[in-house]
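Notes for the structure review
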Amino acid sequence: MQFTFYKYQGTGNDFVIIDNRQDIFFKNDTKLIAHICDRKFGIGADGLILLENHSKLDFKMVYYNADGNQSSMCGNGGRCLVHFAKFLGIITSEATFEAIDGDHSASITEEGMVSLKMNDVHEINSDKDYIFLNTGSPHHVSLCDALDTFDVHAEGAKLRHNLYGEEGANINFVKPLKDNNFAVRTYERGVEAETLSCGTGVTAVALAMHHSDKTQAEEVVLHTPGGQLKVSFQKTDTGYSDIYLTGPAVQVFKGTWS
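Below is a summary of the structure that appears in this document. Remember, predicted model here, so these are calculated numbers, not experimental data. (Residues numbered from 1 in each chain as written. Predicted model: local features only at pLDDT ≥ 70, side-chain atom pairs only at ≥ 80, totals over all residues. Heavy atoms only, no water.)

A word on helix H4 (residues 199-211)
Along its 13 residues, H4 runs 18 Å from first to last C-alpha, staying within 8% of the 18 Å computed at 1.5 Å per residue. Taken across its 13 residues, H4 has 12 buried, putting it largely inside the fold. The first or second residue beyond H4 is Asp 213, which carries a positive phi of 65 degrees. (Helix = DSSP H or I, 4+ residues; strand = E, 2+ residues; numbered from the N terminus. Expected span 1.5 Å × (residues − 1). Buried < 20%, exposed > 50% of the residue type's maximum accessible area, 1.4 Å probe, protein only.)

This is the structure we're talking about:
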């Protein structure tokens, strides 16, 4: 099998993206997807994304984690896919698309900044040591003062498996900075490692920090190892709505897999 792929990154969260509107890709080949995402023997990525046709919207997003399995929503992946759709000429500055968690809308600037509307969040569970919520993917959020030296991989893996079982959850460690700014490091299930950034993760962190009164702002700036993202939202009687994840999306290179 031979196909053209594009490598993208959004604040260091990197993806292999394929135009699958002609149904060229073997979607059920878990080993192939994992091989493509392997950083030693493949292209290397945190995940693989297919752009597909949709009967009513601009396109459909199909997302796979680096382990080869189809996964829940990926915020940075969605932003990168919007950039790719503009590159292909499918959209200009506005997009609507279907992902595994439902329909999304987005906008993109000429400079490649993408603002993606996330789904409303109505349930946030608070524990003594952490907050759990689903922003398209399940996320555990806990504070960590020594974030720079913290062993995110070891502690994240422990929580991901021991607390959340086989299905797991993404684990976010957060350090408040100043005003509405927070530093974030994330261990992602499916990648089974720390990633440089996680879109649904920083969205979860922003809402969790507002929910726990760590900030009163409805626009939060998140500093990840891969760069800076912004999350804006509105507090409602039932949770949070009008949630937008905003940040850069970059096409890194194009290649052929055979």
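Considering the pattern of salt bridges
One pass over the structure, following the stated rule, counts 10 salt bridges. Between Lys 7 and Asp 14 there is a salt bridge whose closest N-O contact spans 3.3 Å. With respect to class, Lys 7 is no different from Asp 14; both count as buried. When salt bridges with common partners are traced through the structure, they connect Lys 7, Asp 14, Arg 39 and Asp 46 into a single cluster. (Salt bridge = Lys/Arg side-chain N within 4 Å of Asp/Glu carboxyl O.)

Section: unusual backbone geometry
For residues other than glycine, phi is negative in most cases, and the peptide bonds are mostly trans. Despite not being glycine, Asp 23 shows a phi value in the positive range, around 55 degrees. Position of Asp 23 among the secondary structure elements: in the loop between strand S2 (13-19) and helix H1 (30-37). Judged by relative accessible area, Asp 23 falls into the exposed class, the value being 58%. In this structure, Asp 179 is a non-glycine residue whose phi angle is positive, near 50 degrees.

Comments concerning the side chain of Thr 135
Structurally, Thr 135 is set in the loop between strand S9 (131-134) and strand S10 (138-143). In terms of polar contacts, Thr 135 uses its side chain to reach the backbone carbonyl oxygen of Thr 200, at 2.8 Å. Thr 135 has contacts with Met 118, Val 121, Thr 200, Thr 203, Ala 204 and Leu 207, leaving out every residue within four places of it along the chain. (Polar contact = N/O pair within 3.5 Å; in protein donor to acceptor, adjacent residues only side chain to side chain. Contact = heavy atoms within 4.5 Å.)

Structural notes on the nonpolar core
Counting 49 residues, the largest nonpolar core has Met 61, Val 82, Leu 133 and Leu 222 as the members making the most contacts within it. In terms of residue count, the dominant contributor to this core is H4 (seven residues). Residues Phe 3, Val 16, Ile 18 and Ile 36 belong to the second largest nonpolar core, which totals 17 residues. (Core = buried A, V, L, I, M, F, W, Y, C linked by side-chain atoms within 4.5 Å.)

Topic: helix H2 (residues 75-88)
When the terminal C-alpha atoms of H2 are compared, their 20 Å separation across 14 residues agrees well with the 20 Å that a helix rising 1.5 Å per residue should span. Of all 14 residues that make up H2, 11 are buried, and the element is covered over most of its length. Looking at H2, one finds that the buried residues are Gly 75, Asn 76, Gly 77, Gly 78, Arg 79, Cys 80, Leu 81, Val 82, His 83, Phe 84 and Ala 85. Backbone geometry just downstream of H2 places Gly 89 in the positive-phi region, at approximately 85 degrees.

Quick word on the packing of aromatic side chains
One pass over the structure, following the stated rule, counts 12 aromatic pairs. With a centroid separation of 5.3 Å and 25 degrees between ring planes, the pair formed by Phe 132 and Tyr 164 is classed as stacked. Taken as a pair, Phe 132 in strand S9 and Tyr 164 in the loop between helix H3 (152-162) and strand S11 (170-176) lie far apart in primary sequence, 32 residues in all. Members of the aromatic cluster, joined through ring pairs, are Tyr 6, Tyr 8, Phe 84 and Phe 87. Note that Lys 235 overlies the ring of Tyr 240, its terminal NZ or CZ placed 5.3 Å from the centroid. (Phe/Tyr/Trp six-rings, centres within 6.5 Å; stacked < 30°, edge-to-face > 60°. Lys NZ or Arg CZ within 6 Å of the ring centre and 35° of its normal.)

Concerning the pairing of S9
Burial along S9 is one-sided: the face carrying Ile 131 and Leu 133 is buried and the face carrying Phe 132 and Asn 134 is not. Direction of pairing for strand S8 (residues 124-126) relative to S9: antiparallel, over a ladder of three bridges. Residue Asn 125 lies in a different strand from S9, and its bridge partner there is Phe 132. As defined by bridge partners, S9 adjoins S10 across four bridges and the pair is classed as antiparallel. Its bridge partner being in S10, Phe 132 is matched across the sheet by His 140. Between S9 and S10, which pair antiparallel and follow one another directly, the connecting turn spans three residues, one of which, Gly 136, has a positive phi of 105 degrees. (Pairing = 2+ DSSP bridges.)

In short, the description is geometric, and any link to function would need to be established separately.
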